[in-house]
Every structure is written in C-alpha cells, then in structure tokens.
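# Notes for the structure review
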Amino acid sequence: MNIIDKTDEEILELANPMWADLVKYSNEGNYGAFTRNFSSTLIAGANEVEMGKQFARSELAKNLSPDYEYLGIIRRGEHVTVLYKQRSSKKAGEWLGRLVLGYEKDKVRIFGATIF
C-alpha cells in the first residue's frame, strides 16, 4: 500500500485531524499525545527530554492557532508531505507547517512534522 496513490481528498481526511492533534498537544506540552501517531523511526529519533525543553521554551510551540490553512501536497516515494500555513495565537505572522505521512505496518503514521 502506498499513500501517494490516494487522492488529495483522501490524504486530507487523514492529515487534517493529525495536524489538528499536533497543534493541540503542542500547545498543551503533552509529549505522549503529541507523539502518538509518530512512526517508529520518528519516535526513535525523538528525545523526550529535548522535546519537553522545546515545548517549555518555545513561545510558538505553546501558542499555535487552531486555525490553519492547507497549502498543498507533495508526493515522493512512499510518503506525502502536506503543507499548511500556520499562525500563532500570540505572535504576529505566519509559519509553514510540514507533515510527512506514510504507511507503517498498514497504518498511516507521521514520519516528520515541523514548523518553519
């Protein structure tokens, strides 16, 4: 099964709730819930202590607006990258959100998530 074979609409049905959860749990600083859809390779590379420090120090990570805007999808190999325009509830401006999805053991998982 390859996620790049799905339509944009099918991908967004999967991606949008995952992105909304990342925003919610980032704001709450809830590491366990934040990482619940991560792939095993992403979890292995995620250091819980460092992520906790990032949540504690980052004004942006604690104040993401639940209002985001879908920008597009990039298909490559066995993954899709879903791009979002993300705003903060406290900082002026806009950021680029990136969510990388693919299959792991027949389940869609997050292989990357960043805000630039």
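Here we summarise the structure given alongside this text. Numbering of residues starts from 1 in every chain and runs along the sequence as written. Residues qualify for local features only when their pLDDT is at least 70, as the model is predicted, and side-chain atom pairs are given and counted only at 80 or more; totals for whole chains, interfaces and linings, by contrast, use all residues. Side-chain calculation: all heavy atoms of the structure are included, whereas hydrogens and water are not.

### What about the packing of aromatic side chains?
Side-chain rings of Phe, Tyr and Trp (the six-membered ring for Trp) are treated as a pair once their centres are within 6.5 Å; stacked means planes under 30 degrees apart, edge-to-face means over 60, and tilted covers the remaining angles. Enumeration over the complete set of coordinates arrives at 3 aromatic pairs. Judged by centre distance (5.6 Å) and plane angle (70°), the ring pair of F34 and F38 falls under edge-to-face. Residue F34 shares its accessibility class with F38, and that shared class is buried. Here the aromatic residues W19, Y68 and Y84 are joined through ring pairs into a cluster of three or more. Relative accessibility decides the category of a residue: with a 1.4 Å probe and only protein chains considered, values under 20% of the type maximum give buried, values over 50% give exposed, and everything between is partly exposed.

### Quick notes on the nonpolar core
Here, nonpolar core refers to any group of buried Ala, Val, Leu, Ile, Met, Phe, Trp, Tyr and Cys residues whose side-chain atoms link them within 4.5 Å. Grouped together as the largest cluster of nonpolar side chains are 24 residues, with contacts concentrated most on V82, L99 and L101. The dominant element in this core, judged by the number of residues it contributes, is helix 1 (residues 8–28), at 8 residues. Contacts are assigned to residue pairs that have any heavy atoms within 4.5 Å of one another. Apart from residues no more than four positions distant in its own chain, V82 is found in contact with I11, L12, A15, Y70, G72, I73, G97, R98 and L99. Numbered from the N terminus, helices here are DSSP runs of H or I no shorter than four residues, and strands are runs of E no shorter than two.

### Comments concerning the pattern of salt bridges
For side chains bearing opposite charge, pairing can occur when the charged atoms are close. Should a side-chain nitrogen of Lys or Arg be within 4 Å of a carboxyl oxygen of Asp or Glu, the pair is scored as a salt bridge. Inspection of the entire model under this criterion finds 6 salt bridges. Put simply, K85 and E69 hold a salt bridge, and the shortest N to O gap is 3.9 Å. With K85 in strand 2 (residues 79–87) and E69 in strand 1 (residues 69–76), this residue pair connects regions lying 16 residues apart in the sequence. In the salt-bridge network here, residues are joined through shared partners; they are E69, K85, R87 and E94.

### Thoughts on the sheet that holds strand 3 (residues 94–104)
Sheet strands pair via backbone hydrogen bonds, and the direction of the pair is either parallel or antiparallel. Here 4 strands make up an open sheet; going across it, the order is 1-2-3-4 and the pairing antiparallel. A single partner strand is all that each edge strand has here, and the edge strands are strand 1 and strand 4 (107–115). Along the sheet, successive strands turn relative to each other by an average axial angle of 25°, direction set aside. DSSP-based pairing: two strands are paired if at least 2 bridges between them are found. Where strand 2 and strand 3 come together, 9 bridges link them in antiparallel fashion. In the strand pairing of strand 3, R87 is matched with E94. Axis definition: a line fitted to C-alpha atoms, over the contacting stretch in the case of helices. Angles run 0 to 180 degrees between N-to-C directions.

### A few points about unusual backbone geometry
One non-glycine residue, K105, lies in the positive phi region at around 50°. Mapped onto the elements, K105 comes out in the loop between strand 3 and strand 4.

### What to know about empty space enclosed by the protein
In this analysis the probe radius is 1.4 Å and the grid spacing 1 Å, with only protein atoms considered; a cavity is a set of points the probe fits into but cannot get out of, a pocket is an open set with protein on both sides within 12 Å along at least five of seven lines, and lining residues have an atom within 4 Å of a point. Grid points are joined across faces, edges and corners, and a volume is the space filled by probe spheres set on the points. Scanning the model with the defined rule gives 1 cavity of 30 Å³ or more in all. Reported here for the largest cavity is a volume of approximately 30 Å³. Of all the secondary-structure elements, those providing two or more residues to the lining of the largest cavity are helix 1 and helix 2 (31–34). Considering each element in turn, the lining of the largest cavity owes the most residues, 4 residues, to helix 1. Think of it as three bins: nonpolar holds Ala, Val, Leu, Ile, Met, Phe, Trp, Tyr, Cys and Pro, charged holds Asp, Glu, Lys and Arg, and polar takes everything else, Gly as well. Partitioned by chemical class, the residues of the lining of the largest cavity number 6 nonpolar, 1 polar and 2 charged.

All we've got here are geometric facts, nothing functional implied.
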